[in-house]
Amino acid sequence: AVVSTQSTGDREQAHELLNKDGRPSCYLIRNSTRDPNFPYVITVLSNGRFEHTRLGKRENGRVAIGLPKQGEVSHTNLSELVRYHKEIPYCIKGRNVLLTNPVRQ
């Protein structure tokens, strides 16, 4: 699957699944219950560290990584976002990350 969504997953469950997979830059996208403007969280295992980034729903209904930014690239759905970031990295804490390995379930 292009997008791995865990419907009720929390951070600990995400860590467990990603550790079990073990491939470099494996990721999953899970539902978030904290803020309706950020309905998803992407969790990536990169260089032995877990990174969690909120995926925001914009006013126009599109999805993008993090807080709204001027000139950002947004996407019509999660699949489109993942396809884009398979080729174009996004930056987490100064590191560029590609979404190359959806978690194996």
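Summarised in this report is the structure supplied together with it. (Residues numbered from 1 in each chain as written. Predicted model: local features only at pLDDT ≥ 70, side-chain atom pairs only at ≥ 80, totals over all residues. Heavy atoms only, no water.)

**Let's talk about the packing of aromatic side chains**
Aromatic ring pairs are defined here through the distance separating the ring centres and the angle between the ring planes. Counted under the stated rule, the structure contains 0 aromatic pairs. In this structure, Arg54 is placed above the aromatic ring of Phe38, and the distance from its NZ or CZ to the ring centre is 3.8 Å. (Phe/Tyr/Trp six-rings, centres within 6.5 Å; stacked < 30°, edge-to-face > 60°. Lys NZ or Arg CZ within 6 Å of the ring centre and 35° of its normal.)

**Observations concerning the side chain of Arg23**
Checked against the element boundaries, Arg23 lands in the loop between α1 (11-21) and β2 (26-31). Residues contacting Arg23, with those up to four places away along its chain left out, are Asn101, Pro102, Val103 and Arg104. (Helix = DSSP H or I, 4+ residues; strand = E, 2+ residues; numbered from the N terminus. Contact = heavy atoms within 4.5 Å.)

**Focus: the pattern of salt bridges**
Within this structure, the stated rule accounts for 7 salt bridges. Arg95 is paired through a salt bridge with Glu51; the nearest N and O atoms lie 3.2 Å apart. One end of the pair, Arg95, is in strand β7 (residues 95-97); the other, Glu51, is in strand β4 (residues 49-57), with 44 residues separating them in the sequence. As far as the burial class goes, Arg95 and Glu51 line up, both buried. Between Lys69 and Glu72 there is a salt bridge, and its shortest N-O distance comes to 3.6 Å. Residues joined by salt bridges that share partners form a network here, namely Arg49, Glu51, Lys93 and Arg95. (Salt bridge = Lys/Arg side-chain N within 4 Å of Asp/Glu carboxyl O. Buried < 20%, exposed > 50% of the residue type's maximum accessible area, 1.4 Å probe, protein only.)

**With respect to the pairing of β2**
In terms of burial, β2 is largely enclosed, as 5 of its 6 residues are buried. The sheet contact formed by β2 and strand β8 (residues 101-102) spans 2 bridges and is parallel. Directly across from Tyr27, in β8, lies its bridge partner Pro102. In this sheet, strand β3 (residues 40-46) lies alongside β2 in antiparallel orientation, the contact comprising 6 bridges. Looking at the pairing, Arg30 lines up with Val41 of β3. (Pairing = 2+ DSSP bridges.)

**Comments concerning the pairing of β3**
Across the 7 residues of β3, 6 count as buried, placing the element largely inside the fold. Here 7 bridges tie β3 to β4, and the two strands are oriented antiparallel to one another. In the sheet register, Tyr40 faces β4, and the bridge partner there is Leu55. Connecting β3 to the next strand, β4, in antiparallel fashion are 2 residues, including Asn47 with a positive phi near 55°.

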